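One-letter residues, chain by chain:
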Amino acid sequence: MKKIAVECNLVETGGNYRRFKREDLGDLLHSIQRRGLIQPITLADSNSPDKPYKLIAGERRFRCCEILRRSVTAILREDLTEEQIIAIQLAENIKEGINPGELAESSFRLYKGLISEKRGLDPSELDAYSPKDLPQEYRRDIKLKDFAVIIGRNESTVRDYFAFAALDGKVRDLVIDGKCGFSKAVLLSRLPQDIQLQ
């Protein structure tokens, strides 16, 4: 673990990156503008030559520094396993009161990340898959109940997350933008995709 200063354009935000509006960052943005970044973000090494670091925790602080075009102070964790990274990200998301739709999408991306790590695949190879079309052989690699234990949720919550992640992108956006409730969206997931938006 070491403290470093990094330019934002060298940080891979990956699938865990949330959607922030400038006004949502309000006081934090003004504080960083006046005082600088007081609490470092957490990074890990990335496999990308263009972006050698991967954001683990501190998305709001990172986004503020990005908007202000400032480098970020970070703690570089070189000792983390993928499971530890997931645990840190989920703890951060719960602490921040993340939108359940974003948490659901993030959880499914993390699930695919664990599968790709287990199979020795590049994570981008699984990007195109939704929960509905993820091959059964991949699902057998990490069972739903085991993934639920990894992220500290019950199995039915993970099923809801995956049902949400399988929805039409326009429906997911309505939840993430606060225009539709998460529970309602999960119910919509039971309908054929062509009538989910009606």
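Residues numbered from 1 in each chain as written. Predicted model: local features only at pLDDT ≥ 70, side-chain atom pairs only at ≥ 80, totals over all residues. Heavy atoms only, no water.

The next subject is the confidence of the model for the chain. Confidence in the prediction of the chain, expressed as mean pLDDT, is 85, and 93% of residues score 70 or more. Confidence, read as mean pLDDT per element, is least for helix 3 (residues 82-95) in the chain (71) and greatest for helix 7 (residues 155-165) (93). (pLDDT = per-residue confidence, 0-100. Helix = DSSP H or I, 4+ residues; strand = E, 2+ residues; numbered from the N terminus.)

With that settled, consider the pairing of strand 3 (residues 41-45). Of all the 5 residues making up strand 3, 4 are buried; the element is thus mostly covered by neighbouring parts of the structure. Across 4 bridges, strand 3 lies against strand 4 (residues 53-57) in antiparallel orientation. Residue pairing for strand 4: Thr-42 is matched across the bridge by Ala-57. (Buried < 20%, exposed > 50% of the residue type's maximum accessible area, 1.4 Å probe, protein only. Pairing = 2+ DSSP bridges.)

Time to look at the sheet that holds strand 2 (residues 11-12). The 5 strands are arranged 1-5-3-4-2 in an open sheet whose pairing can be described as mixed. Lying at the two open borders of the sheet, with one neighbouring strand each, are strand 1 (2-6) and strand 2. Pairing analysis gives 5 bridges linking strand 1 to strand 5 (residues 72-76), with the strands arranged antiparallel. Bridging from a neighbouring strand, Ala-5 pairs with Thr-73 of strand 5. Where helix 2 (residues 59-67) meets the sheet, its contacts fall on strand 2, strand 3, strand 4 and strand 5, and the angle it forms with strand 4 comes to roughly 130 degrees. (Contact = heavy atoms within 4.5 Å. Axes fitted to C-alpha atoms, helices over the stretch in contact; angles between N-to-C directions.)

The next thing to look at is the pattern of salt bridges. Per the counting criterion, the structure on display carries 5 salt bridges. For Glu-66, the salt bridge is made with Arg-63, and the minimal N-O distance between the two is 2.9 Å. Of the two residues, Glu-66 and Arg-63 both sit in helix 2, 3 residues apart, roughly one turn of that helix. The partly exposed category is assigned to Arg-63, whose relative accessible area is 25%. For Arg-172, the salt bridge is made with Glu-105, and the minimal N-O distance between the two is 2.8 Å. Highlighted residues: Arg-172 in helix 8 (residues 169-176) and Glu-105 in helix 4 (residues 100-119), separated in sequence by 67 residues. (Salt bridge = Lys/Arg side-chain N within 4 Å of Asp/Glu carboxyl O.)

Under the defined criterion, the tally for this structure stands at 8 aromatic pairs. Ring geometry for Phe-164 versus Phe-182: centroids 5.3 Å apart, planes at 40 degrees, classification tilted. Here Phe-164, found in helix 7, pairs with Phe-182, found in helix 9 (residues 182-188); they are 18 residues apart in sequence, far enough to count as distant. Summarising the burial analysis for this pair, Phe-164 and Phe-182 share the class buried. Each member of the aromatic cluster is reached from another via a ring pair, and the members are Phe-108, Tyr-111, Phe-147 and Phe-162. (Phe/Tyr/Trp six-rings, centres within 6.5 Å; stacked < 30°, edge-to-face > 60°.)

In terms of nonpolar packing, the biggest core is built from 31 residues, with Tyr-111, Ile-115, Phe-147, Val-158, Phe-162, Phe-164 and Phe-182 touching the most fellow members. Those elements that place two or more of their residues in this core are helix 3, helix 4, helix 6 (144-151), helix 7, helix 8 and helix 9. Looking at which element gives the most residues to this core, the answer is helix 4, with 7 residues. Each residue touching Tyr-111, except ones within four places of it in the same chain, is listed here: Leu-134, Tyr-138, Arg-139, Ile-142, Phe-147 and Phe-162. (Core = buried A, V, L, I, M, F, W, Y, C linked by side-chain atoms within 4.5 Å.)

All right, on to the environment of Arg-77 then. Mapped onto the elements, Arg-77 comes out in the loop between strand 5 and helix 3. By relative accessible area, Arg-77 is classed as partly exposed at 22%. Arg-77 sits 24 residues away from Tyr-53 along the chain, and the two C-alpha atoms are 10.0 Å apart. Residues in contact with Arg-77, not counting those within four places in the same chain, are Met-1, Thr-42, Leu-43, Ala-44 and Asp-45.

Throughout the structure, instances matching the rule amount to 0 disulfides. Between Cys-64, a free cysteine, and Cys-65, which holds the nearest cysteine sulfur, the sulfur-to-sulfur gap is 6.9 Å. (Disulfide = S-S within 2.5 Å.)

Another point: a positive patch on the surface. A cluster of basic residues, Lys-118, Arg-140, Lys-143 and Lys-145, forms a positive patch on the protein surface. Here Lys-118 is to be found in helix 4. (Patch = residues over 30% accessible without salt bridge, like charges linked within 9 Å, V, L, I, M, F, W, Y side chains within 5 Å. Areas by Shrake-Rupley, 256 points an atom, 1.4 Å probe, with all protein chains shown as cover. Lys, Arg positive; Asp, Glu negative; His and termini not counted. Charge placed at Lys NZ, Arg CZ, Asp CG, Glu CD.)

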